[in-house]
Amino acid sequence: MSLLPTMIELLARARVDLRMGLPVVIQDETSAVLAIAVESLTTERLIEMRTLGNPILALTARRAQTLKANVYDDDICRVIVPDGRPLGWIQSLADPSDDLRSPMKGPLQSQRSGRPNLAQLAIAMTKSARLLPSALLVTINNPSDFAASNGLTLLDHASTTPLLDESSPLHPVAAARLPIEASQAGRLHIFRPEDGNEEHYAIEIGQPDRNKPVLSRLHSACFTGDVLGSLKCDCGPQLQGALAQMGEEGTGVLLYLNQEGRGIGLANKMRAYSLQDQGFDTVEANHRLGFEDDERDFRLGSAILKELGFSSVRLLTNNPNKIAMMESTGIAVAEHVPLKVGLNPFNENYLATKAAKSGHML
């Protein structure tokens, strides 16, 4: 038995490090970089990184398109940081909050040489940490010695990348009876992923027959809509509507996945809302931040259903991607049950964008 951390545990540690403003070391078989999240970068650490070499700023292709920077690496862009550029300039490339006030950030020079794989992993790590998808990188030698002497987490590209691409296994932690307004016959199940990320929940109504399609909904956490009653989205009414229908039928399972803001986290969601106030729609705002339209992992919902013993569902959704995901992961969708609720003057443009750009059936 070993007390040394596994790669999954190192990945969880690195995620926390990046959120706290610590750099991590990323290596492959031929090279290594010191990587730090731009969102948590400080002037002091920027100065320290410059003593090691010339830094490169890794951005997503989505963000680079907004900045009019050349993209040579498909999904990311590696911007060369000129000498003397201050922290504020670097952060303005990562954060679009002042784009309209100061649209000209460049000219920007993108790196073309060298493999982009370490920069791609650094971007994936910042996304996993729910930070702005951007990282400052500097090449280093002797990565094992460097990480050990500075107390930094060392990630191996070949071992770490598959873990980020896969859906982390979920394990049941606890369950208990929970009477709720929609049904007194409620039961809440808690599931914890191996990778140290947020826990996810299943609200079971009644005693659904495991041999029949269960009325089910994949619901992504929405603090603003579910808790505060925000009028900017239809999440709160969808949550209550789904539970109410399950209560009326006497059985059902609502999967509550902690993937706020389509998987970008609450802080980035508020950044997107701020951009929407500037006139961008929800998809445009996500792209300007450097994210894709939807960063969620719906495979988590399928895994929970299987753990609970279900193999088929009557799916409450307006999103065709959820139906396709269920089918592709071995959960049969016996029926698509529409859930059209919550339209109001504050979210009509948001819902129109979901229909036009994301294919929602509204």
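- You'll find the chain entered in an unreviewed UniProt entry as GTP cyclohydrolase-2, with Tritonibacter aquimaris given as the organism.
- UniProt annotates the chain under Pathway (unreviewed entry) with the comment "Cofactor biosynthesis; riboflavin biosynthesis; 5-amino-6-(D-ribitylamino)uracil from GTP: step 1/4."

## So, the sheet that holds strand 7 (residues 170-177)
Part 1 of the argument: The strand order across the open sheet built from seven strands is 7-8-9-11-10-12-13, with neighbouring strands paired in mixed fashion. Both outer strands of the open sheet, strand 7 and strand 13 (332-337), are each paired with one neighbouring strand and no more. Ignoring strand direction, the axes of neighbouring strands in this sheet form an average angle of 25°.
Part 2 of the argument: Strand contacts of helix 13 (residues 299-308): strand 7, strand 8 (186-193), strand 9 (200-205), strand 10 (214-220), strand 11 (252-257) and strand 12 (312-316), with the helix running at about 140° to strand 11, the strand carrying the most contacts.
Part 3 of the argument: Sheet strands in contact with helix 14 (residues 320-328) are strand 10, strand 12 and strand 13, and its direction is about 165° off that of strand 13.

## Topic: the nonpolar core
Part 1 of the argument: L34, L57, I90, L93 and L136 are the most contacted members of the largest nonpolar core, which has 28 residues in total.
Part 2 of the argument: The set of elements that each furnish at least two residues to this core consists of strand 2 (32-37), helix 2 (43-50), strand 3 (56-60), helix 3 (61-67), strand 4 (76-80), helix 4 (87-94), strand 5 (134-139) and helix 6 (143-150).
Part 3 of the argument: The element best represented in this core is helix 4, accounting for five residues.
Part 4 of the argument: Dropping the residues within four chain positions of it, L136 is found in contact with L34, A35, I36, V38, L41, L46, M49, P55, I56, L57, V81 and I90.
Part 5 of the argument: By size, the runner-up hydrophobic cluster in this structure holds 22 residues, among which are A14, A35, A122 and M125.

## Concerning the packing of aromatic side chains
Part 1 of the argument: Under the criterion given, the structure shown has one aromatic pair.
Part 2 of the argument: Judged by centre distance (6.1 Å) and plane angle (15°), the rings of Y201 and Y256 are stacked. Note that Y201 is positioned in strand 9 and Y256 in strand 11, a separation of 55 residues in sequence.
Part 3 of the argument: Among the residues examined, Y201 registers a relative accessible area of 26% and is labelled partly exposed.
Part 4 of the argument: The aromatic ring of W89 is capped on one face by R85, whose charged end is 4.6 Å from the ring centroid.

## Observations regarding the environment of T139
Part 1 of the argument: Within the element layout of this structure, T139 appears in strand 5.
Part 2 of the argument: We classify T139 as exposed; its relative accessible area is 54%.
Part 3 of the argument: On a C-alpha basis, the gap between T139 and E198 in space is 32 Å, while along the polypeptide they are 59 residues apart.
Part 4 of the argument: Not counting residues within four places of it along the chain, the set of residues in contact with T139 comprises A32, V33 and L52.

## Focus: unusual backbone geometry
Part 1 of the argument: Phi angles above zero are rare outside glycine, and K68 is one such case at about 60°.
Part 2 of the argument: When you line up the elements, K68 lands in the loop between helix 3 and strand 4.
Part 3 of the argument: Under the relative-accessibility criterion, K68 is labelled exposed at 69%.
Part 4 of the argument: A positive phi angle is found at D74, which is not glycine, with a value near 65°.
Part 5 of the argument: For D74, the location among the structural elements is in the loop between helix 3 and strand 4.

Rules used in this analysis
- Residues numbered from 1 in each chain as written.
- Predicted model: local features only at pLDDT ≥ 70, side-chain atom pairs only at ≥ 80, totals over all residues.
- Heavy atoms only, no water.
- UniProt positions renumbered as here; feature names shortened; annotations may be inferred.
- Pairing = 2+ DSSP bridges.
- Helix = DSSP H or I, 4+ residues; strand = E, 2+ residues; numbered from the N terminus.
- Axes fitted to C-alpha atoms, helices over the stretch in contact; angles between N-to-C directions.
- Contact = heavy atoms within 4.5 Å.
- Core = buried A, V, L, I, M, F, W, Y, C linked by side-chain atoms within 4.5 Å.
- Buried < 20%, exposed > 50% of the residue type's maximum accessible area, 1.4 Å probe, protein only.
- Phe/Tyr/Trp six-rings, centres within 6.5 Å; stacked < 30°, edge-to-face > 60°.
- Lys NZ or Arg CZ within 6 Å of the ring centre and 35° of its normal.

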